[in-house]
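Below are the chains, spelled out letter by letter.
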Amino acid sequence: MKTYARVGITLALIAAFAATSLAVVNAITAPKIAQYEQKVLEAALSEVSGGYALGSSELVNDNDSIVELYHLVDDNNTLAGYILQLNGNGYGGQMTIMAGYKVDGELLDARLLANSETPGLGKKAESPSYMQKFVGHGGLSEMPIKTNMLDKSDADSVSGSTVTFSAVARTIALGSNYVKELGVK
Amino acid sequence: MTSERREVLTRGIFKENPVFVIMLGLCPTLGVTTQVVNGIGMGLGVIFVLVFSNIFIALLKNFIPNSIRIPAYIVIIAAFVTIVEMVMHAFVPSVYNALGIFLPLIVVNCIILGRAEAFASKNSVLDSFLDGVGMGFGFTLSLTLIAFIREVFGSGTITLIPIGSFDGVIKIPLLYNYPIRILSLAAGALLLMGFLKAFFAWNSERKGETV
């Protein structure tokens, strides 16, 4: 009995000490992390807005893949497009994509935010240039959702990370279709 | 510094290199070594965790009952990894983003638990500290070497940390346009690992050491 008590108390002491030190570090770093996340979000919003001003935003409840919708307005204050915060499923699990569209569903620009893709392969999708292959599509021209719909240099650049590519492409295409339906309503 | 101490510090680099000789921690080794910068970042994270967990385990070795040493070590290691993760996220978010899932996975990196069990739990605090530095440094060098070969031949680039106007990526002519793509994929990592392991085995044998 005595040994069990000693073992239990020792483990409890170590765990309590670890928990306390983590709480201290968390108290110091949490505000910095929140600040950083907010900055990333704002930067992404302005990058994908295509030069339009940001209007009101609302949470989206009727589609599981879409979290939030921001309205984009032009200089005359008329609706020019939307920005959607989308959830996709990549190679490493859930990913967050911020994508701006014109009202007809054409992609203005997109950014891959939080993700768990493989460093050096799928992670390359984080760079702004990665999204260039989707920009301008989704409206009149079809969104490339398969690698054989890309031209050769783009197809080469996604080799080794096809799962990430399809996840990003499908998520952006889903957003484009959602925006198209909004236009009809 | 006595020669034994020096031996503890330096054997992690060649003689008992954790990756090529002891073959520990192969998952992150093969996983993150697609770019040089990831190898260095992962290595630094491992050095920090390894040094501090070794020190604490050496300090507590008489306090922790033998029957619960593994859970106790894991709690200590996990605490340090979480600290590294939070600090990196707050102060160097770009490195944090690049390492992704491999950062929390340092907890289950067998090098750290392996050194805790095989060395820190039986030796003094100073020796454990030196062992942590040596092994961590050996791990970092191995990762950087593998990442360098894989990135140069597999992508034709060398990715370092961006400073000022330098974006951190060095492009190598010819190889950039015609890379040996397989080296940047998982199969290439295993192939390369086999060649490097063979080289280290040959090197030990040449020096008359048993492998």
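The model shown is predicted, which means the values in this text are computed figures rather than measured ones. (Residues numbered from 1 in each chain as written. Chains lettered and ligands numbered in written order. Predicted model: local features only at pLDDT ≥ 70, side-chain atom pairs only at ≥ 80, totals over all residues. Heavy atoms only, no water.)

### Here's the deal with the interface of chain B and chain A
Each side of the interface is counted separately: chain B has 32 residues, and chain A has 25 residues. In total, about 2400 Å² of surface goes out of reach between chain B and chain A, with carbon and sulfur atoms giving 76% of it. Counting the surface chain B buries against chain A, the share from its top three residues, Phe63, Met86 and His89 of chain B, is 21%. The interface formed by chain B and chain A contains zero salt bridges. The tally of links from chain B across to chain A stands at two residue pairs in polar contact (both at pLDDT 80 or more). Among the secondary structure elements, those contributing two or more residues to the side of chain B that touches chain A are α3 (36-59), α4 (69-91) and α5 (93-99) of chain B. The greatest single-element share of the side of chain B that touches chain A, amounting to 12 residues, is contributed by α4 of chain B. Each residue belonging to the side of chain B that touches chain A can be placed in one class, and the counts come to 20 nonpolar, 11 polar and one charged. (Contact = heavy atoms within 4.5 Å. Buried area = accessible area lost by both parts, 1.4 Å probe. Salt bridge = Lys/Arg side-chain N within 4 Å of Asp/Glu carboxyl O. Polar contact = N/O pair within 3.5 Å; in protein donor to acceptor, adjacent residues only side chain to side chain. Helix = DSSP H or I, 4+ residues; strand = E, 2+ residues; numbered from the N terminus. Nonpolar A, V, L, I, M, F, W, Y, C, P; charged D, E, K, R; others polar.)

### What about the confidence of the model for chain A?
The pLDDT averaged across chain A works out to 86; a share of 97% of its residues lies at or above 70. When the elements of chain A are averaged for pLDDT, helix α2 (residues 152-157) of chain A gives the smallest value, 79, and strand β5 (residues 107-112) of chain A the largest, 91. (pLDDT = per-residue confidence, 0-100.)

### Looking at a nonpolar patch on the surface
On the surface, Phe153, Ile180, Ile182, Leu191 and Phe195 of chain B cluster together into a nonpolar patch covering about 500 Å² of accessible area. Tracing the sequence through the fold places Leu191 of chain B in helix α8 (residues 186-206). (Patch = residues over 30% accessible without salt bridge, like charges linked within 9 Å, V, L, I, M, F, W, Y side chains within 5 Å. Areas by Shrake-Rupley, 256 points an atom, 1.4 Å probe, with all protein chains shown as cover.)

### A few points about the pairing of strand β1 (residues 53-59) of chain A
All names here are of chain A. Looking at chain direction, β1 and strand β2 (residues 66-73) are connected through five bridges and run antiparallel. In the strand pairing of β2, Ser57 is matched with Tyr70. As consecutive antiparallel partners, β1 and β2 are separated by six residues. (Pairing = 2+ DSSP bridges.)

### So, the confidence of the model for chain B
All names here are of chain B. Mean pLDDT over chain B: 85, with 95% of residues reaching 70 or higher. Across chain B, helix α7 (residues 125-154) holds the top mean pLDDT of 91, while α5 sits lowest at 75. The ipTM for the predicted assembly is 0.70, set against a pTM of 0.74.

### Topic: the side chain of Thr171 of chain A
Residue and element names in this part refer to chain A. Checked against the element boundaries, Thr171 lands in helix α3 (residues 162-184). Overall, Thr171 belongs to the buried group, its relative accessible area being 6%. Here the side chain of Thr171 touches Ala167 through a polar contact of 2.6 Å, landing on its backbone oxygen. (Buried < 20%, exposed > 50% of the residue type's maximum accessible area, 1.4 Å probe, protein only.)

### Focus on unusual backbone geometry
Unusually for a residue other than glycine, Asn77 of chain A sits at a positive phi of about 65°. On the basis of relative accessibility, which here comes to 61%, the residue Asn77 of chain A falls in the exposed class. Positive phi is not limited to glycine here, since Met23 of chain B has a value of about 60°. Within the fold, Met23 of chain B resides in the loop between α1 (3-10) and α2 (26-32).

### A word on the layout of surface pockets
In this structure, the second largest pocket spans a volume of roughly 440 Å³. Lining the second largest pocket are 23 residues, and of these Tyr91, Thr118 and Leu121 of chain A together with Gly31 and Ala186 of chain B sit closest to its centre. For the lining of the second largest pocket, the elements supplying multiple residues, two or more each, are α3 of chain A together with α2 and α8 of chain B. For the lining of the second largest pocket, the class distribution of residues is 10 nonpolar, 11 polar and two charged. (1 Å grid on protein atoms, 1.4 Å probe; cavity = no way out; pocket = protein on both sides within 12 Å on 5 of 7 lines; lining within 4 Å. Points joined across faces, edges and corners; volume = space filled by probe spheres on them.)

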